[in-house]
Amino acid sequence: MWQEHPPLAQDIYELDAEWQRRFPGMVGTLACHSCALRTYWSCTDRNGSYVDGHLPADIPVSCIDAWSHASHPGTHRYWVVKSPRSGMLQGAETYLRSAATRKGTHPEIAAMLRTVIQEWDEQHNSAVGALQTTG
C-alpha cells in the first residue's frame, strides 16, 4: 500500500499521527490520492467512542474517519518543503538540498531546510560509522 515515492503527476496529502499509529510501517507521511483517500477506517467503535489509542485529528470538529486525518491536497514541492523530514525519507533529498541553497527561497524556509538536512546528514553519517565499526 505505501509507496516510498508518491507519483509526481498528481497532488499528494500529508497524513497525521493517527495514520502513523495505524500503519507503523509507513515510509514518511506523504501519500498519493489512492493511499490517502481510498483507505477507510473509522475513528469510533460501535458505541461511538474513539477506538483505543486513537490520536485526535488537528481539525476544529470531531474526527470521524481516515479522511479526517489527511491534509488538504498539495503539490509535491509544497508538501516536501512543509514536511521535509518526510520528503527526505521519500526521495526528495536532491530537491530539498537545492531549495535550501537557492537564492529565491525565503530565508526562514531555507534555514529550516538546512537544519533538517544537517540532522539528516548527522543521522546517516553516524549510522554509516556504526556499520563500519561493527563490520
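What comes next is a walk through the structure. (Residues numbered from 1 in each chain as written. Predicted model: local features only at pLDDT ≥ 70, side-chain atom pairs only at ≥ 80, totals over all residues. Heavy atoms only, no water.)

## Section: the side chain of T39
Tracing the chain through its elements places T39 in the loop between α2 (33-37) and α3 (76-82). For T39, a relative accessible area of 12% gives the class buried. Only 2.7 Å separates the side chain of T39 from the backbone oxygen of C35, close enough to count as a polar contact. (Helix = DSSP H or I, 4+ residues; strand = E, 2+ residues; numbered from the N terminus. Buried < 20%, exposed > 50% of the residue type's maximum accessible area, 1.4 Å probe, protein only. Polar contact = N/O pair within 3.5 Å; in protein donor to acceptor, adjacent residues only side chain to side chain.)

## Regarding the environment of R85
Of note, R85 is situated in helix α4 (residues 84-89). The exposure class of R85 is partly exposed, given its relative accessible area of 48%. Note: C-alpha distance between R85 and G28 (57 residues apart in sequence) is 7.7 Å. Setting aside anything within four residues of it in sequence, one finds R85 in contact with V116 and E119. (Contact = heavy atoms within 4.5 Å.)

## A short note on the pattern of salt bridges
A full pass over the atoms with the stated rule returns five salt bridges. When the shortest N-O distance is used, the salt bridge between R22 and E18 registers 2.7 Å. Of this pair, R22 and E18 both sit in helix α1 (residues 17-22), separated by four residues, roughly a single helical turn. Accessibility expressed as a relative area gives 26% for R22, which makes it partly exposed. The shortest N-O distance in the salt bridge between R97 and E93 comes to 2.9 Å. Within this pair, R97 and its partner E93 are both found in helix α5 (residues 93-101), separated by four residues, close to a single helical turn. (Salt bridge = Lys/Arg side-chain N within 4 Å of Asp/Glu carboxyl O.)

## Some words on the packing of aromatic side chains
According to the stated counting rule, one finds three aromatic pairs in the structure shown. Ring centres of Y78 and W79 lie 4.9 Å apart, and the angle between their planes is 80°; this geometry places the pair in the edge-to-face category. A relative accessible area of 36% places Y78 in the partly exposed class. Pairwise contacts between aromatic rings join W19, F23 and W41 into one cluster. (Phe/Tyr/Trp six-rings, centres within 6.5 Å; stacked < 30°, edge-to-face > 60°.)

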